[in-house]
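An overview of the molecular structure
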Amino acid sequence: MNSQVRMVVFDMAGTTVDEDNVVYKTIQKALAHYDHMFTLDQVLSYCAGKEKRTAIIDILTNLEGKDINIMHVDTIFDYFKSELKTAYLEMEVKTFDRTLEVFQKLKSASIQIVLNTGYDRITATGLLSKLNWTEGVDYDFLVTADDVVLGRPNPDMIQLAMHKGGISDPKQVVKVGDSCIDIEEGKAAGCIYSIGITSGAQPKEELALANPDYIIDSLVELESILGLSVEVA
């Protein structure tokens with residue numbers, strides 16, 4: 001095992017939580033409700049992994065090129081939050097295959113498991129509740145966009161996770177996420193590995209643009225990277 005690694009920071013949606021891109025579909029719906037018409041691919045490209053209000057600002061700025069009316073952004077964001085709450089109440093939320101097995105192997109190796117997300121804390125904890133995941137049992141702790149001043153790609157969430165976990169050296173931390181901005185976050189924090197995973201928002205070709213240390217298709221591939229004995233059937 002890579003004895004340096006003491007913590008793995010996992011993104012949620014698209015990495016550990018399989019929710020069929022409902023967040024980004026809901027952003028697309030909220031934007032369309034206020035006559036901003038974008039494809040889902042455009043939403044994924046500009047919004048994946050970001051704090052969602054910031055994501056709305058970024059897609060409007062980059063694709064419409066207009067001065068942003070913050071009150072209008074807040075109106076869209078409030079509509080998005082309302083629609084997402086309804087969507088989550090109605091949908092089945094599940095994890096990706098063998099995620100908890102990987103978590104157990106990390107725990108057995110005394111590696112801390114952190115979930116971090118561009119969601120607000122209410123949304124994130126609601127998702128975890130639907131999965132029946134318990135802090136201190138299935139994972140060590142959660143860090144959300146609400147917990148820091150600067151969201152991704154800034155390293156603040158990872159740095160907060162390190163503080164919570166009693167880690168001072170980022171070379172003892174691995175970041176795994178399904179978007180370029182996750183990879184950028186890991187690099188900004190100085191993580192030993194910033195790993196892209198193809199299970200969520202962005203395909204391998206897009207993830208490669210952020211120059212990750214690895215691109216994987218499944219969390220089980222952490223076995224070979226970290227030297228864990230994750231048995232594969």
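Going by the structure above, here's the rest.
Residues numbered from 1 in each chain as written. Predicted model: local features only at pLDDT ≥ 70, side-chain atom pairs only at ≥ 80, totals over all residues. Heavy atoms only, no water.

Moving on, we come to the packing of aromatic side chains. Applying the stated criterion across every chain, the model contains five aromatic pairs. On the numbers, 5.1 Å between centres and 45° between planes, the contact of Phe-10 with Phe-103 is tilted. You can see Phe-10 sitting in strand S1 (residues 7-11) and its partner Phe-103 sitting in helix H5 (residues 99-108), a full 93 residues away along the chain. The buried category is assigned to Phe-10, whose relative accessible area is 0%. Relative to Tyr-214, the ring of Tyr-193 lies with its centre 5.4 Å away and its plane at 80°, an arrangement referred to as edge-to-face. Of this pair, Tyr-193 sits in strand S7 (residues 193-197) while Tyr-214 sits in strand S8 (residues 214-216), and the two are 21 residues apart along the sequence. Residue classification places Tyr-214 among the partly exposed positions, given a relative accessible area of 32%. Put simply, the rings of Phe-10, Phe-103 and Trp-133 pair up and form one aromatic cluster. (Phe/Tyr/Trp six-rings, centres within 6.5 Å; stacked < 30°, edge-to-face > 60°. Helix = DSSP H or I, 4+ residues; strand = E, 2+ residues; numbered from the N terminus. Buried < 20%, exposed > 50% of the residue type's maximum accessible area, 1.4 Å probe, protein only.)

The next subject is the environment of Leu-31. Structurally, Leu-31 can be placed in helix H1 (residues 22-33). The exposure class assigned to Leu-31 is buried, which follows from its relative accessible area of 0%. The spacing of Leu-31 and Leu-60 is 29 residues in sequence and 9.1 Å in space, taken between C-alpha atoms. Sequence-distant contacts of Leu-31, defined by excluding residues within four places in its chain, comprise His-36, Phe-38, Ile-56, Ile-59, Leu-60 and Ile-76. (Contact = heavy atoms within 4.5 Å.)

So, on to H5. Here H5 has its buried residues at Thr-99, Val-102, Phe-103 and Leu-106. Across the axial projection of H5, the buried residues extend over an arc of 100°, all falling on one side. Looking at the buried side of H5, the elements it contacts are S1, strand S3 (94-95), strand S4 (112-117) and helix H10 (222-226). Looking at the residues trailing H5, positive phi occurs at Ser-110, about 60°. (Arc of directions from axis to C-beta.)

Burial analysis of strand S6 (residues 173-177) places five of its five residues in the buried class, the great majority of the element. Burial along S6 is two-sided: the face carrying Val-173, Lys-175 and Gly-177 and the face carrying Val-174 and Val-176 are both buried. Pairing geometry for S1 and S6, over four bridges, is parallel. Bridge pairing links Val-9 to Lys-175 in S6. Sheet analysis places S6 next to S7, joined by four bridges and oriented parallel. (Pairing = 2+ DSSP bridges.)

The next thing to look at is the environment of Trp-133. Looking at the secondary structure, you find Trp-133 in the loop between helix H6 (121-131) and strand S5 (141-144). A residue is classified by how much of its surface remains accessible, and Trp-133, at 7% relative accessible area, is buried. Through-space distance from the C-alpha of Trp-133 to that of Thr-54 is 28 Å; in sequence the pair is 79 residues apart. Not counting residues within four places of it along the chain, the set of residues in contact with Trp-133 comprises Thr-16, Thr-95, Thr-99, Leu-100, Phe-103, Leu-115, Leu-128, Asp-138 and Tyr-139.

Within the open sheet, the six strands sit side by side as S5-S4-S1-S6-S7-S8. Their pairing is parallel. Strand pairing shows two members of the sheet lacking a second neighbour, S5 and S8, which therefore form its edges. On average, each strand axis in the sheet is inclined to that of its neighbour by 25°, with strand direction left out of account. Each of S1 and S4 touches H5; the most contacted strand, S4, lies at about 130° to it. Along the sheet, helix H8 (residues 180-189) contacts S1, S4, S6 and S7; its crossing angle with S7, the most-contacted strand, is approximately 175°. (Axes fitted to C-alpha atoms, helices over the stretch in contact; angles between N-to-C directions.)

Counted under the stated rule, the structure contains 13 salt bridges. In this structure, the salt-bridge partner of Arg-98 is Glu-101, at a minimum N-O distance of 2.7 Å. Put simply, Asp-11, Arg-152, Lys-175, Asp-182 and Glu-185 are held in one network by salt bridges that share partners. (Salt bridge = Lys/Arg side-chain N within 4 Å of Asp/Glu carboxyl O.)

Helix packing geometry: the angle between the two helix axes and the distance between the axes. The interhelical angle for the contact between H1 and helix H4 (residues 70-90), taken along N-to-C directions, is 135°, at an axis separation of 9 Å. Taken as axis vectors, H1 and H4 run oblique relative to one another. With respect to the hand of their crossing, H1 and H4 are arranged in right-handed fashion. Facing H1, whose interface residues are Val-22, Val-23, Thr-26, Ile-27, Lys-29, Ala-30, Leu-31 and His-33, H4 presents Ile-76, Tyr-79, Phe-80, Glu-83, Leu-84, Ala-87 and Tyr-88. (Parallel < 35°, antiparallel > 145°, perpendicular 65-115°, else oblique. Left-handed = near helix turned anticlockwise from the far one by under 90°.)

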